[in-house]
Amino acid sequence: MKTSPEFSAPQEEYRTTQERVYYQVRDAILRGKFLPGHAITIRGLAAELDCSPMPVREALRRLTSERALELSDTRRVTVPTMTPEKLAEICAARVALECQAAEQALPFVGPDELEQLRRLDDRVTASLAHKDIEEYVTANLEFHFTLYRLGRPHIILSLIESLWLQTAPLQHLVFQKFGVQELPDRHRDLLEAITSGVATQVRTAIRQDIEEGLGSISAEELL
């Protein structure tokens with residue numbers, strides 16, 4: 001199957017083309033491939049993903065319902081822009097949900113899991129040092145969701161993913177404009193808290209990581 005460089009190859013065999021297309025477009029949004037205000041066409045995506053328009057139409061419908069995309073009055077599908085009020089609300093929701101998910105995962109982090117998280121954090125640190133936006137976005141995403149999945153969440157994880165889908169394009173746009181060298185790295189604090197097994201410290205590290213990341217985006221950058 002031929003795919004555009006915008007889209008990653010499927011990590012597993014999906015049962016239907018519709019499912020495969022949904023996850024590829026969703027993954028592209030999470031990894032910052034589409035920026036705020038970017039218009040998305042069904043025909044264009046179908047050509048890039050080597051499929052008929054029908055699975056693309058269904059994928060866009062699902063992603064619109066998850067607020068990752070927006071349908072205008074003219075039936076134009078775009079990546080939503082952000083307002084300061086909306087960003088503040090998303091930030092507060094992420095803090096609440098991700099603190100809970102991290103604490104829920106804490107009892108399941110053994111030596112092997114901790115080592116995996118450390119390797120992912122090493123990738124984050126290296127990407128910051130090399131100012132590699134693409135690698136930073138990917139490694140940061142994998143670090144957080146690797147941790148959260150250890151707690152075997154169900155409803156919480158889908159809600160967290162929805163919130164990440166809404167902020168990923170904006171964060172990537174800011175990274176493109178200003179780079180990633182000044183971004184704070186709270187993962188070390190989080191790993192130390194996990195090692196000590198203190199839930200309150202885990203929650204503090206997660207909260208600081210989210211608030212410093214999203215809070216560093218100024219109102220001017222949202223326009």
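As shown above, the structure is provided for reference.
Residues numbered from 1 in each chain as written. Predicted model: local features only at pLDDT ≥ 70, side-chain atom pairs only at ≥ 80, totals over all residues. Heavy atoms only, no water.

Caption draft 1: Spatial organisation of the pattern of salt bridges. Counting across every chain of the model gives 14 salt bridges. The closest approach of N and O atoms between E58 and R61, which form a salt bridge, is 2.5 Å. In this pair, E58 and R61 both sit in helix α3 (residues 53-65), three residues apart, roughly one turn of the helix. Measuring nitrogen to oxygen at the nearest pair gives 3.1 Å for the salt bridge that ties D122 to R188. Highlighted residues: D122 in helix α5 (residues 111-129) and R188 in helix α8 (residues 187-196), separated in sequence by 66 residues. Given the relative accessible area of 38%, R188 is considered partly exposed. (Salt bridge = Lys/Arg side-chain N within 4 Å of Asp/Glu carboxyl O. Helix = DSSP H or I, 4+ residues; strand = E, 2+ residues; numbered from the N terminus. Buried < 20%, exposed > 50% of the residue type's maximum accessible area, 1.4 Å probe, protein only.)

Caption draft 2: Here's a closer look at the packing of α8 against helix α9 (residues 199-215). Closest axis-to-axis distance for the α8/α9 pair is 8 Å, and the angle between their directions is 165°. The angle between α8 and α9 falls in the class roughly antiparallel. With respect to the hand of their crossing, α8 and α9 are arranged in left-handed fashion. Seen from α8, the contacting residues are H187, D189, L190, A193, I194 and S196; seen from α9, they are Q201, V202, A205, I206, Q208 and D209. By residue class, the composition of the contact of α8 with α9 is six nonpolar, four polar and two charged. (Axes fitted to C-alpha atoms, helices over the stretch in contact; angles between N-to-C directions. Parallel < 35°, antiparallel > 145°, perpendicular 65-115°, else oblique. Left-handed = near helix turned anticlockwise from the far one by under 90°. Contact = heavy atoms within 4.5 Å. Nonpolar A, V, L, I, M, F, W, Y, C, P; charged D, E, K, R; others polar.)

Caption draft 3: Structural detail: unusual backbone geometry. In this model, D50 sits at a positive phi of 55°, which is unusual for a non-glycine residue. Here D50 shows up in the loop between α2 (42-48) and α3. One non-glycine residue with positive phi stands out, namely R152, at about 55°. Turning to its location among the elements, R152 is positioned in the loop between α6 (133-150) and α7 (155-178). For R152, a relative accessible area of 52% puts it in the exposed group.

Caption draft 4: Structural view of the packing of aromatic side chains. Under the defined criterion, the tally for this structure stands at four aromatic pairs. Note on Y22 and Y23: the rings are 5.0 Å apart at their centroids and 75° apart in plane angle, and the pair reads as edge-to-face. Relative accessible area serves as the criterion here: at 4%, Y22 is assigned to the buried category. On the accessibility criterion, Y23 (30% relative accessible area) is partly exposed. Each member of the aromatic cluster is reached from another via a ring pair, and the members are F145, Y148 and W164. One residue, R62, lies across the ring of Y22, its end atom 3.6 Å from the ring centre. (Phe/Tyr/Trp six-rings, centres within 6.5 Å; stacked < 30°, edge-to-face > 60°. Lys NZ or Arg CZ within 6 Å of the ring centre and 35° of its normal.)

Caption draft 5: Structural detail: the sheet that holds strand β3 (residues 77-78). Strand order in the open sheet formed by three strands is β1-β3-β2, and the pairing between neighbours is antiparallel. Looking along the sheet, the strands with just one partner apiece sit at the ends: β1 (39-40) and β2 (70-71). Inspection of the sheet shows β1 paired to β3 by two bridges, in the antiparallel sense. Counted as the bridge partner of A39 is T78 from β3. (Pairing = 2+ DSSP bridges.)

Caption draft 6: The packing of helix α4 (residues 84-105) against α9, seen in detail. Contact geometry for α4 and α9: axes closest at 9 Å, N-to-C directions at 155°. The angle between the axes of α4 and α9 places the two elements in the roughly antiparallel class. Note that α4 runs across α9; the crossing there is right-handed. Contacts between α4 and α9 pair L87, C91, R94, V95, E98, C99, Q100, A102 and E103 from the former with A199, V202, R203, I206, R207, I210, E211 and L214 from the latter. For the contact of α4 with α9, a count of residues per class yields 10 nonpolar, one polar and six charged.

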